[in-house]
Amino acid sequence: MTFQHRAIIDTIPGYKQGKPAPQVEGQRSYKISSNENAFDPLPSVVDAIDSHALTRLNRYPDMRGWAVVERLAAKYGVEPENIVLGCGSTEVITMLVSLVAGPGDEIVYPWRSFEAYPIIVTGAGATSVQVPNLPDGGHDVDALIAAVNERTRLVIVNNPNNPTATSISDADARRIMQAVPSDVLVLFDEAYIQFNTAEGTSVAMDLFREYPNVVVAHTFSKAYGLAGLRIGYAIAPEDVIDGMRKVALPFGVTDVAQSAALASLDAEDELEARVEAIVAERDRVVAALQVQGWEFPQPYANFFWLPLGDRTEAAAAEFLKAGLSTRVFPGEGIRISIGEPEANTAVIEVCERLKTAGF
Ligand SMILES: Cc1ncc(COP(=O)(O)O)c(C=O)c1O
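In this text the structure is predicted, and so the values were computed from the model without any measurement. (Residues numbered from 1 in each chain as written. Predicted model: local features only at pLDDT ≥ 70, side-chain atom pairs only at ≥ 80, totals over all residues. Heavy atoms only, no water.)

Quick word on the domain arrangement of the protein
So, step 1. Domain boundaries assigned for the protein yield domain 1 (16-41 + 269-356) and domain 2 (56-266).
So, step 2. For domain 1 and domain 2, the distance between their C-alpha centroids amounts to 26 Å.
So, step 3. Facing 22 residues of domain 1, the contacting portion of domain 2 comprises 22 residues.
So, step 4. Carbon and sulfur atoms supply 60% of the area that domain 1 and domain 2 bury against each other, a total of about 1,900 Å² over both sides.
So, step 5. Inspection of the region where domain 1 meets domain 2 yields two salt bridges.
So, step 6. Glu115 is the partner of Arg327 in a salt bridge, and the nearest nitrogen-oxygen pair spans 2.7 Å. (Domains from an automatic or database assignment. Contact = heavy atoms within 4.5 Å. Buried area = accessible area lost by both parts, 1.4 Å probe. Salt bridge = Lys/Arg side-chain N within 4 Å of Asp/Glu carboxyl O.)

Below, the structure written as structure tokens:
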């Protein structure tokens, strides 16, 4: 960059958005690269947007998103003062990081994990302390604890972890809570919580009720299928929420997004049925791949991780040829979202071919 700027920004790796479905002559193609919900939006949600929000486009939204906040407070049995909305949970995490950390401060998180973490941390001028995952893709809890020191301002736990889809147990999450000083916040990023069927998993809201330093981040992007509208939220102690609101993007959460979120909270039964269908599809794919002889972490999200190492790019090319855009981490592995049933069947077929080819 030829203009005066913060040199640290040059070190930020650009966020790599999941690629769109490839164009393959004479063949249907699918985008399974961004952990989205493949179901179309619920008619009741579309209707809520049509009938309410679109008539108010000339007005700023309610900055605090009070109607949604109150609904969420009732759902979780907390005070509205414990909740802040953001443009997706990405913004909520950004608010939290800029609240607690700046130059000289450290933020500890597992790696690989959500690729926005290093971008957000570096953007705040703070230092990332990335703790490598265990060989099974799970958080290395002992190493996370050992990485905490007097410079630590935040510890992030991603459950289930993107991209490895692993879950952290309640016992391990409690070990982290016991080890971290009570004035250092611990963020539980639970973007995929609704898909987490792991027995004994940590549930951050339980910890929030027991510890003074827990922040929970949730989103409407995944199970609720509203990725395009950008709305998520954090649940945290009141003073943390106060601080986060100070650094929030003013009017960041649109009225359209708020209307859709409210309508989605009214349709939780329908959305739960969709989550069950996605989990069933995930389990179908996992079972088929295990029969084929693949070894990969048991997934507890709406995606799974194939640790392919140096064969990653070769395998990714086969998926592309079959009309499937996956999220490729060169030299490490491929993250595959659970998509339409036809897409999932195509994934199984590609994996079969890869196995036959010696992968
Ligand atoms: C672990 C994790 N956290 C948070 C997010 C943010 O999602 P959003 O900003 O759409 O709420 C994602 C999105 O992929 C994610 O994978």
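Text resumes after the structure shown.
Side note on the site of the ligand
So, step 1. As a matter of local geometry, the ligand sits amid 13 residues, with Ser89, Thr90, Tyr192, Thr219 and Ser221 nearest to it.
So, step 2. In the model, an oxygen atom of the ligand is placed 2.7 Å from a nitrogen or oxygen of the Asn162 side chain.
So, step 3. Between an oxygen atom of the ligand and a side-chain N or O atom of Tyr192, the distance comes to 2.7 Å.
So, step 4. Relative to its free-state accessible area of 390 Å², the ligand is covered by the protein chains to the extent of 94%.
So, step 5. The residue makeup of the shell around the ligand, split by class, is three nonpolar, seven polar and three charged. (Near = heavy atom within 4 Å. Polar contact = N/O pair within 3.5 Å; in protein donor to acceptor, adjacent residues only side chain to side chain. Areas by Shrake-Rupley, 256 points an atom, 1.4 Å probe, with all protein chains shown as cover. Nonpolar A, V, L, I, M, F, W, Y, C, P; charged D, E, K, R; others polar.)

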